[in-house]
Amino acid sequence: MHMLHHISFAISDLPLSAVFYDAALSTLGYVRVWEDETAVGYGPPGGGGKFAIKLRSSRLAVPGDGFHIAFAAPSREAVTAFYKAALEHGGKDNGGSGLHPEYGENYYAAFVFDPDGYRIEAVINEAV
């Protein structure tokens, strides 16, 4: 059983965020699984939404340091591709991409900020 069923972020610009998440999450094997005029949901192909972005017209309150979401990656190559795609589509660096031994011997991750400033990560923690 998985601990979390789903999570969503309030975002300020749906087209901008959708382009960012389409590019970044596709490198990890995730796709749009639903969408409407104000939101987009992502998950595994043929599966349900596990992560959503939802347009909000009111001022956003993006959580500060200490909050982030880590997306599971299928390989180290996918982590690197996630990092590159994120930076090419409006994201900003938040710690680079590569081995992070401070989190474990095999912890390979990429850390970025999305267009609204949410801290996101792609990670695989397996021996090569």
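Everything that follows concerns the structure shown earlier in this document.
Parameters at a glance
Residues numbered from 1 in each chain as written. Predicted model: local features only at pLDDT ≥ 70, side-chain atom pairs only at ≥ 80, totals over all residues. Heavy atoms only, no water. Pairing = 2+ DSSP bridges. Helix = DSSP H or I, 4+ residues; strand = E, 2+ residues; numbered from the N terminus. Axes fitted to C-alpha atoms, helices over the stretch in contact; angles between N-to-C directions. Contact = heavy atoms within 4.5 Å. Polar contact = N/O pair within 3.5 Å; in protein donor to acceptor, adjacent residues only side chain to side chain. Core = buried A, V, L, I, M, F, W, Y, C linked by side-chain atoms within 4.5 Å. Buried < 20%, exposed > 50% of the residue type's maximum accessible area, 1.4 Å probe, protein only. Expected span 1.5 Å × (residues − 1).

## Observations regarding the sheet that holds strand 7 (residues 107-113)
Across the sheet, which stays open at both edges, the 4 strands sit in the order 5-8-7-6 with mixed pairing between neighbours. Sheet topology places strand 5 (69-72) and strand 6 (92-99) at the edges, where each strand pairs with a single neighbour. Neighbour-to-neighbour, the strand axes of this sheet turn through a mean angle of 20°, independent of strand direction. Bridge analysis of strand 7 against strand 8 (residues 119-125) gives 7 bridges, and the strand direction is antiparallel. Note on strand 8: the bridge partner recorded for Phe-113 is Arg-119. Strands strand 6, strand 7 and strand 8 of the sheet are contacted by helix 2 (residues 76-88), whose axis makes an angle of about 10° with strand 7.

## Regarding the side chain of Asp-116
Mapped onto the elements, Asp-116 comes out in the loop between strand 7 and strand 8. One polar contact links Asp-116 to Ser-12, side chain to side chain, over a distance of 2.6 Å. Filtering out sequence-adjacent residues up to four positions away, Asp-116 remains in contact with Ile-11, Ser-12, Ser-17, Leu-60 and Val-62.

## Digging into the sheet that holds strand 4 (residues 51-55)
Read across the sheet, 4 strands follow the order 1-4-3-2 without closing on themselves; strand pairing throughout is mixed. Lying at the two open borders of the sheet, with one neighbouring strand each, are strand 1 (7-11) and strand 2 (31-35). Averaged over all pairs of adjacent strands, the angle between strand axes in this sheet comes to 25°, irrespective of strand direction.

## A closer look at the nonpolar core
If you look at the biggest cluster of nonpolar residues, it comprises 28 residues, and the most contacted ones within it are Tyr-21, Phe-51, Ile-53 and Ile-120. For this core, the leading source of residues is helix 1 (residues 14-26), giving 6 residues. In contact with Ile-120, not counting residues within four places along its chain, are Phe-9, Phe-20, Tyr-21, Ile-69, Phe-71, Phe-82, Ala-110, Phe-111, Val-112 and Asp-114.

## Structural notes on helix 1
Between its first and last C-alpha, helix 1 extends 17 Å over 13 residues, near the 18 Å set by a 1.5 Å rise per residue. For helix 1, the full list of buried residues reads Leu-14, Ser-17, Ala-18, Phe-20, Tyr-21, Ala-23, Ala-24 and Leu-25. Among the residues of helix 1, the N-terminal cap falls to Asp-13, whose side-chain oxygen and the backbone nitrogen of Leu-16 are separated by 3.0 Å.

## Quick notes on helix 2
A rise of 1.5 Å per residue sets the reference length of helix 2, with its 13 residues, at 18 Å; its end C-alpha atoms lie 19 Å apart and thus fit the reference within 8%. Looking at the buried side of helix 2, the elements it contacts are helix 1, strand 6, strand 7 and strand 8. Capping the start of helix 2, Ser-75 holds a side-chain oxygen 3.4 Å from the backbone nitrogen of Glu-77, two or three residues further along.

Taken by themselves, the reported measurements are silent on function.
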